[in-house]
Each structure stands twice: as C-alpha cells, then as structure tokens.
Amino acid sequence: MPLSNITDPVSLPPFAVSLGDPAGIGPEIVAKAWVMREARGLPTFFAVGDAASLRAVWLGPVEIVGSPEEAAQVFDRALPCMQVAEAGEIVPGTPSIDGARTAFQALEVAVGLARTGSAAGIVTAPVGKEQLYGVGFTHPGQTEFVAERCGVSAQNAVMMLAGPSLKVVPITIHIALADVPSALTIDLIRARALTTVKGLQRNFGIARPRLAVAGLNPHAGENGALGREEIEVIRPAIEALRAEGIDIVGPLAADGMFHARAREAYDAALCMYHDQALIPIKTLNFDDGVNITLGLPIVRTSPDHGTAFGIAGTDSANPGAMIAALKMAAEAARARIAYAG
C-alpha cells in the first residue's frame, strides 16, 4: 500500500546501508540500487563496509566518506562508502572469517549512526550467520542484534515481511517446527499483535490496522479435532486483543488466507511459525519483499533474501528487494515524522 505522504518534501538525512557479507550479493545489489537511484526515486544513502567489496563486483564510482553529511554531498556523482575494517582478500562467493568480522562491524556502525540521528535509518544487506557465529555474533539474526543495541527486548521487536500485496508477521521465528506449539503463548501473541498495530500506524500511516490471525493446525484445528492450540492459546489471545479495541479476526485456516480476495480484508497477517509467513510472501513478492523491524526507535529494513553466495560475483543478482527496502525505509521515516507531528 503506497503511503500518501511519500512525496512529502521532508528532508531526511542519508540512510546507512550495511553491506552484509562482502562475499555475498550485498555489495552488488547496493551498487545496482545506486545506479537506479534516479529512475526508482531512491532516497540518499551510503554504504557501510569495506569499499573493496564494492570494487570487486562493480566498476562504477565509489567514494570513501567520513560522515553521513559528506555522503549526501557526493551521492549524485558516486556511491558513498563509510569504510570499516578491511575484509582482507575478497573472493565473491567464498565467505571468510575476516569478511564476517567486517560485516559485524558494519552493522554495529550503521546502527550507531541511526541511533544518534546522523542516519535516517538503516538498511541491512544479508549476512552469513555461520561465519558471523565464528567472530562472536550470538544472536539468531540481525533483527535481534539491532533490537538489543536499541534497548528493545526480542519479544517487542517484531519482524514483518512486507511486499506490494501482502504483509506478514511470524509469531515464532527461528525455532524448530516441533518447538512451535510449546513456544506459543497468549502473552506472546498479544505482544506481537500490539507491536504490529503500532508499527503499521507509525511506519505505514494506517490509522486503524486490520489484523488476521492464522491458526496453527490444519483447518485452524477443526474445533479441537486437529489440535487444541487454537482453543487454548490463539483464540483467547484474539479475544483479549479485541477487548482492547484491536480490529482482529481469527484463528483462520492458513490455506485460505492468502488468495487475492482474502488479502483485501486485512492489512497484516499474523502467522504462527516461520514458513507459514514466509512461503506466501516469497511466492507473491519474491523480488520486492522487504523485512522491516517493528517496535524499534529507529527505522530498519532489509531485503527479504539471503547472501546468495552461489551467484555472487556473476553480475546476475536482482536488486529489486534492495531497492524496495530503501524505498520502504524512506516511506517509514516520513510516516514516523507525520505520526509524531
């Protein structure tokens, strides 16, 4: 849903884009986004990472900058890059410990710039978690790391996957499917839903968000015949939220929630586990799906895809999701200004 205030001439600082793993497709899609900056109406942004990773996959102009203000000055003529620790020898498609260390530091710097207001927000390119864990990264993903650095608990930082035709929120995320039933609680569903409502208001300009909640079991449990989670956990959470004035329906059978007519009835779908949310969004919006973190004091978006080491360095990465992430970051930043005003 386009925001009505996207053309508002509010002046924003540049956005900080952490380059992710230097051996992945992050540098390539950031460079391609800069090339398409005017055609796609992108906000001013600068890369944070090792400039060598950009030059390893792109022959365009790169300029080292020392501040977001300097980045804004050079953006029209070159892709600005705030240099962090060098990644050593960069071989696209071949991740390394040095590269992971650079990705970690780039993320840290980008978050810090957004927290101080020097950057309007952050966009995070994909990282290789296996490599990150080797350099001391202890979080399930970048979302949890950003939340901690912003002083927000993991329960209150909500991962939303958003595309032109669907927005979804997984209630549980990176846990085994066998662990999902025991992880679901009334309090968890309620907390995720309330953060989603506030996030839709602050970041998307939706005054009264409509939520739809998926059941956990086939056919939403068939009144207990196929499982009791809907009866004992999901429905009580929905009733509590409805009593608080939230426009919410469910639990609904997940297999009937995502066709075009059904999607017209809600602004965001709350799903019980990772794949229940990500399969429909990636089916509908694979090349332009965006991961936006709700509940943070800063704007944070990310392309909804991984490092794609297998195609890194081949000039075949599609920058669509990075472009969408940059545009959504700008929309969210402007929406927040309108919401606060």
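We now turn to the structure provided with this report. These numbers come from a predicted model, not from an experiment. (Residues numbered from 1 in each chain as written. Predicted model: local features only at pLDDT ≥ 70, side-chain atom pairs only at ≥ 80, totals over all residues. Heavy atoms only, no water.)

1. With respect to the nonpolar core
Residues Phe45, Met160, Leu211 and Met322 are the most contacted members of the largest nonpolar core, which totals 65 residues. Looking at which element gives the most residues to this core, the answer is helix α12 (residues 320-340), with 10 residues. Shared between two domains, this core takes at least three residues from each, and those domains are domain 1 (1-151) and domain 2 (158-295). Those residues in contact with Met322 that lie beyond four places of it in its chain are Val17, Ile29, Val30, Ala33, Val123, Ala125 and Pro303. Membership of the second largest hydrophobic core comes to 31 residues, among which are Ala16, Val74, Val111 and Phe137. (Core = buried A, V, L, I, M, F, W, Y, C linked by side-chain atoms within 4.5 Å. Buried < 20%, exposed > 50% of the residue type's maximum accessible area, 1.4 Å probe, protein only. Helix = DSSP H or I, 4+ residues; strand = E, 2+ residues; numbered from the N terminus. Domains from an automatic or database assignment. Contact = heavy atoms within 4.5 Å.)

2. Comments concerning the packing of helix α1 (residues 26-35) against α12
Two elements in contact, α1 and α12, have axes whose closest approach is 8 Å; the angle formed by their N-to-C orientations is 65 degrees. The interaxial crossing formed by α1 with α12 has right-handed handedness. Together, Ile29, Val30 and Ala33 of α1 and Met322, Ile323 and Leu326 of α12 make up the contact between the two elements. Per-class residue counts for the contact of α1 with α12 are six nonpolar, no polar and no charged. (Axes fitted to C-alpha atoms, helices over the stretch in contact; angles between N-to-C directions. Left-handed = near helix turned anticlockwise from the far one by under 90°. Nonpolar A, V, L, I, M, F, W, Y, C, P; charged D, E, K, R; others polar.)

3. Focus on helix α4 (residues 97-116)
With 20 residues, α4 should reach 28 Å at 1.5 Å per residue; the first-to-last C-alpha distance of 29 Å fits that figure. Those residues of α4 that sit buried are Gly99, Ala100, Thr102, Ala103, Phe104, Ala106, Leu107, Ala110, Val111, Leu113 and Ala114. Immediately downstream of α4, the backbone of Gly117 shows phi near 85 degrees, a positive value. (Expected span 1.5 Å × (residues − 1).)

4. Side note on the pattern of salt bridges
By the definition in use, this model includes nine salt bridges. For Glu28, the salt bridge goes to Lys32, with nearest N and O atoms at 2.6 Å. Of this pair, Glu28 and Lys32 both sit in helix α1, separated by four residues, roughly a single helical turn. Where Glu244 meets Arg190, a salt bridge forms, and the shortest distance between an N and an O atom there is 2.6 Å. Taken as a pair, Glu244 in the loop between α9 (229-243) and β9 (247-252) and Arg190 in helix α8 (residues 186-204) lie far apart in primary sequence, 54 residues in all. Among the ionic contacts, a cluster of salt bridges with common partners joins Glu28, Lys32 and Asp315. (Salt bridge = Lys/Arg side-chain N within 4 Å of Asp/Glu carboxyl O.)

5. Quick notes on the packing of α8 against α12
For the pair α8 and α12, interaxial distance at closest approach is 6 Å and the crossing angle is 95 degrees. In terms of orientation, α8 and α12 fall into the roughly perpendicular class. Together, Lys198, Gln201, Arg202, Asn203 and Phe204 of α8 and Met328, Glu331, Ala332, Ala335, Arg336 and Tyr339 of α12 make up the contact between the two elements. Its residues assigned to classes, the contact of α8 with α12 comprises five nonpolar, two polar and four charged. (Parallel < 35°, antiparallel > 145°, perpendicular 65-115°, else oblique.)

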